[in-house]
Amino acid sequence: MFRTIDALDVKGKRVLVRADLNVPAKDGKVTDTTRIDRSAATLTELAAKGAKVIILTHFGRPKGVEAKYSQKLLLEPLAKAVGKPVAWADDCIGPAAEAAIAAMKDGDTLLLENVRFHPEEEKNDPAFAKTLAGLGDIYVNDAFSTAHRAHASTEALARLLPSAAGRLMQAELEALAKALGSPEKPVAAVVGGAKVSTKLDLLGNLVSRVDYLIIGGGMANTFLFAQGKSVGKSLCEKEMADTAREIIEKAKAAHCHIVLPVDVVVATEFAENAPNKVVSINAVPDDMMILDAGPASAEAIIDRIGGCKTLVWNGPMGAFEIKPFDAATNAVAQAAAQRTAQGKLLTVAGGGDTVAALAAAGVEDKFSYVSTAGGAFLEWLEGKTLPGVAALEIKASGGCGCGGGHC
Ligand code: 3PG
Ligand code: MG
């Protein structure tokens, strides 16, 4: 259980909002403002309620103070997203931060410099967290996508001030709870991506949570290989065959049906428009590589999804970044989007390449929920406790959960 902004009286208060404005950038310009735009709801609501909104975030992985990781480049897209100017401080603690905060009026918004310019941030250092806490009266964590990090601004700080989940954090947690916490059954999961080795915990957790585990991408090759199929020149982690067989056994015991391709698109090289053909999974030529699931596989998957009420999606079904090997990802994603529009399927997606794959399929806005998180979404699918979420939990024993004796 966690508290939301609804429970806060923020008028005239200094509210420290941990956002995740860690956006992609090139040549000093933000190239994708999604995380900024999705953070705006919390920021504008707090400002409208008369709070002094002080934004804490990280950008990149600086080692100490590094000019190229300055967050100044966020100011312009941020001001656009919240619809008014945003003030700036050159440091997230110390005289610069204190002076900028002292100059704020109710309803103002301020962005502080990169919290990771202080190595204490990533160490979850209690003294650093205390210094941050001294800058505010209330803490709001809106950074689900950084909640897998136990850092000072995501974890320790939540225990020092009255705290609550922001609207984006709330939306992420509610969507994830609907998808895997107490989902409407049957539940299917599409898990794609290159390697089984990076998604072992995830697959291990999902087989006991879902009815159908649909495996695509490079990792499907490892499963096919583990079942004795010849995969030619395909990406395949042969040393993971035993692990793949263990996952298959675990799935059987849990009555989870693993869905693998029955036909595949093979090509001579990993390149856009490489000569290709569709073959049965029993007839992959030795000198060719699998780059996508075939049309019969896509149809079978769409059929399966047709019988489900909930779908969790992580990772592409094939080499979606090079055409025409995006066909299975597109077909399955579009079918899922259509059933979502008909109100027959709840679709929740997130993690790494997933958003790019869904955007390329033209369905990014047509799923029930698309997470802003990469690593945090994966860790959540693995069934792990996210420290940033755990720190917001309100203990059933009563109290506000701030742990700091403030309330
Ligand atoms: C992310 O983009 O995954 C989050 O902002 C966390 O960043 P990190 O992986 O550098 O901790
Ligand atoms: Mg990351």
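Remember, predicted model here, so these are calculated numbers, not experimental data. (Residues numbered from 1 in each chain as written. Chains lettered and ligands numbered in written order. Predicted model: local features only at pLDDT ≥ 70, side-chain atom pairs only at ≥ 80, totals over all residues. Heavy atoms only, no water.)

Engineer: How should the overall build of the protein chain be read in this particular structure?
Structural biologist: Secondary structure assignment for the protein chain yields 13 helices and 17 strands. Whereas a compact globule of 407 residues would reach a radius of gyration of roughly 22 Å, the protein chain reaches 23 Å, a difference of no more than 12%. Principal-axis analysis of the C-alpha atoms gives the protein chain an extent of 70 × 50 × 40 Å. Within the protein chain, the proportion of its 407 residues that are buried is 56%. Contacts in the protein chain between residues far apart in sequence, at least 24 positions, make up 73% of those at least 6 positions apart. Summed over its atoms, the accessible surface of the protein chain is roughly 16800 Å², and 52% of this surface lies on carbon and sulfur atoms. The positive charge centre, built from 44 side chains, and the negative charge centre, built from 48, are 3 Å apart in the protein chain. (Helix = DSSP H or I, 4+ residues; strand = E, 2+ residues; numbered from the N terminus. Rg over C-alpha atoms; globule rule 2.2 N^0.38 Å. Buried < 20%, exposed > 50% of the residue type's maximum accessible area, 1.4 Å probe, protein only. Contact = heavy atoms within 4.5 Å. Areas by Shrake-Rupley, 256 points an atom, 1.4 Å probe, with all protein chains shown as cover. Lys, Arg positive; Asp, Glu negative; His and termini not counted. Charge placed at Lys NZ, Arg CZ, Asp CG, Glu CD.)

Engineer: Mind showing me how you'd approach empty space enclosed by the protein here?
Structural biologist: Gaps between atoms show up when a probe of the same size as a water molecule is rolled over them. In total, this model carries one cavity of 30 Å³ or more according to the counting rule given. Taken as a whole, the largest cavity encloses approximately 50 Å³ of empty space. The wall of the largest cavity is formed by Asp20, Arg35, Ser39, Asp142, Ala143, Phe144, Ser145, Leu168, Glu172 and Thr372. If you list the elements that add at least two residues to the lining of the largest cavity, you get α1 (34-48) and α5 (167-181). For the lining of the largest cavity, a count of residues per class yields three nonpolar, three polar and four charged. (1 Å grid on protein atoms, 1.4 Å probe; cavity = no way out; pocket = protein on both sides within 12 Å on 5 of 7 lines; lining within 4 Å. Points joined across faces, edges and corners; volume = space filled by probe spheres on them. Nonpolar A, V, L, I, M, F, W, Y, C, P; charged D, E, K, R; others polar.)

Engineer: Where do I start with the site of ligand 1 in this structure?
Structural biologist: Near ligand 1, the surroundings consist of Asp20, Asn22, Arg35, His58, Arg61, Arg116, Ser145, Thr146 and Arg149. Side-chain polar atom of arginine 61 to an oxygen atom of ligand 1: 2.7 Å apart, as the coordinates give it. Out of a free accessible area of 310 Å², ligand 1 has 86% covered by protein chains. The residue inventory of the shell around ligand 1, partitioned by class, reads no nonpolar, four polar and five charged. (Near = heavy atom within 4 Å. Polar contact = N/O pair within 3.5 Å; in protein donor to acceptor, adjacent residues only side chain to side chain.)

Engineer: I would appreciate a short explanation of unusual backbone geometry in the present structure.
Structural biologist: Apart from glycine, the bulk of residues carry a negative phi angle, and the bulk of peptide bonds sit in the trans form. The amide bond that connects lysine 185 to the next residue, proline 186, takes the cis arrangement and shows omega of -5°. With omega at 0°, the peptide bond leading from lysine 323 into proline 324 counts as cis. Along the chain, proline 324 turns up in the loop between β15 (310-314) and α10 (327-341). Of note, aspartate 27 is a non-glycine position whose phi angle comes to about 50°, a positive value. Taking relative accessible area as the criterion, aspartate 27 reaches 73% and is therefore assigned exposed. A positive phi angle, close to 60°, is found at histidine 255, a residue other than glycine. Within the secondary structure layout, histidine 255 lies in the loop between α8 (241-253) and β11 (257-259). The exposed category is assigned to histidine 255, whose relative accessible area is 70%.

Engineer: Even after reading the chapter, I still don't get helix α2 (residues 75-82), so can you show me in this structure?
Structural biologist: Think of an α-helix as 3.6 residues a turn; residues three or four steps apart then line up on the same face. Within the span of α2, buried status applies to Leu75, Pro77, Leu78 and Val82. Here the buried residues of α2 occupy an arc of 165° about the axis, which is enough to place them on one side. Residues of α2 that are exposed and angled more than 90 degrees away from the buried face: Glu76 and Lys80. Against β3 (29-30), α1, β4 (52-56), β5 (87-89) and β6 (109-112) lie the buried residues of α2. (Arc of directions from axis to C-beta.)

Engineer: I tried to follow the packing of helix α9 (residues 295-306) against α10 on my own but got confused; where do I start?
Structural biologist: Think of two packed helices as two axes; the pair is described by the angle between the axes and how far apart they sit. Running from N to C, α9 and α10 cross one another at 20°; their axes reach a closest spacing of 9 Å. Comparing their axes, α10 and α9 come out roughly parallel. Of the two elements, α9 crosses α10, and the hand of that crossing is right-handed. Mapping the contact onto sequence places Ala298, Ile301, Ile302, Ile305 and Gly306 in α9 and Ala328, Ala331, Val332, Ala335 and Arg339 in α10. Broken down by class, the residue content of the contact of α9 with α10 amounts to eight nonpolar, one polar and one charged. (Axes fitted to C-alpha atoms, helices over the stretch in contact; angles between N-to-C directions. Parallel < 35°, antiparallel > 145°, perpendicular 65-115°, else oblique. Left-handed = near helix turned anticlockwise from the far one by under 90°.)

Engineer: Please explain the state of the cysteines as it appears in this structure.
Structural biologist: By definition, a disulfide is the covalent link that joins the sulfur atoms of two cysteine residues. Taken as a whole, this structure holds zero disulfides when the rule is applied. Left unpaired, cysteine 308 is separated from the closest cysteine sulfur, that of cysteine 256, by 11 Å. What makes cysteine 308 buried here is its relative accessible area of 3%. (Disulfide = S-S within 2.5 Å.)

Engineer: Explain the sheet that holds β4 here, please?
Structural biologist: Two orientations exist for strands paired in a sheet by backbone hydrogen bonds: parallel and antiparallel. Strands sit in the order β5-β6-β4-β1-β7-β8 across an open sheet of six strands; the sheet is parallel. Of all strands in the sheet, those bounded by a partner on one side alone are β5 and β8 (163-165). Between one strand axis and the next, the sheet turns by 25° as a mean value, whatever way the strands run. The pairing of strand β1 (residues 14-18) with strand β7 (residues 138-141) spans four bridges and is classified as parallel. (Pairing = 2+ DSSP bridges.)

Engineer: Can you help me understand the sheet that holds strand β12 (residues 263-267) in this one?
Structural biologist: A sheet is described by the order of its strands in space; here three strands give the open sequence β13-β12-β14, paired in antiparallel fashion. With partners counted over all chains shown, the strands left at the sheet margins are β13 (276-280) and β14 (289-293), one partner each. Here the average twist between neighbouring strands, direction ignored, is 40°. Where β12 lies against β13, five bridges are found, and the strand directions are antiparallel. Directly across from alanine 267, in β13, lies its bridge partner asparagine 276.

Engineer: Any chance you could explain the nonpolar core here in plain terms?
Structural biologist: With 80 residues, the main nonpolar core has Leu112, Phe144, Leu203, Leu213, Ile215 and Phe223 as its most contacted residues. In terms of residue count, the dominant contributor to this core is α5 (seven residues). Setting aside chain neighbours within four positions, we find leucine 213 in contact with Ala189, Val191, Leu203, Leu206, Val207, Cys256, His257, Ile258 and Val259. (Core = buried A, V, L, I, M, F, W, Y, C linked by side-chain atoms within 4.5 Å.)

Just geometry here; none of it tells us what the structure is for.
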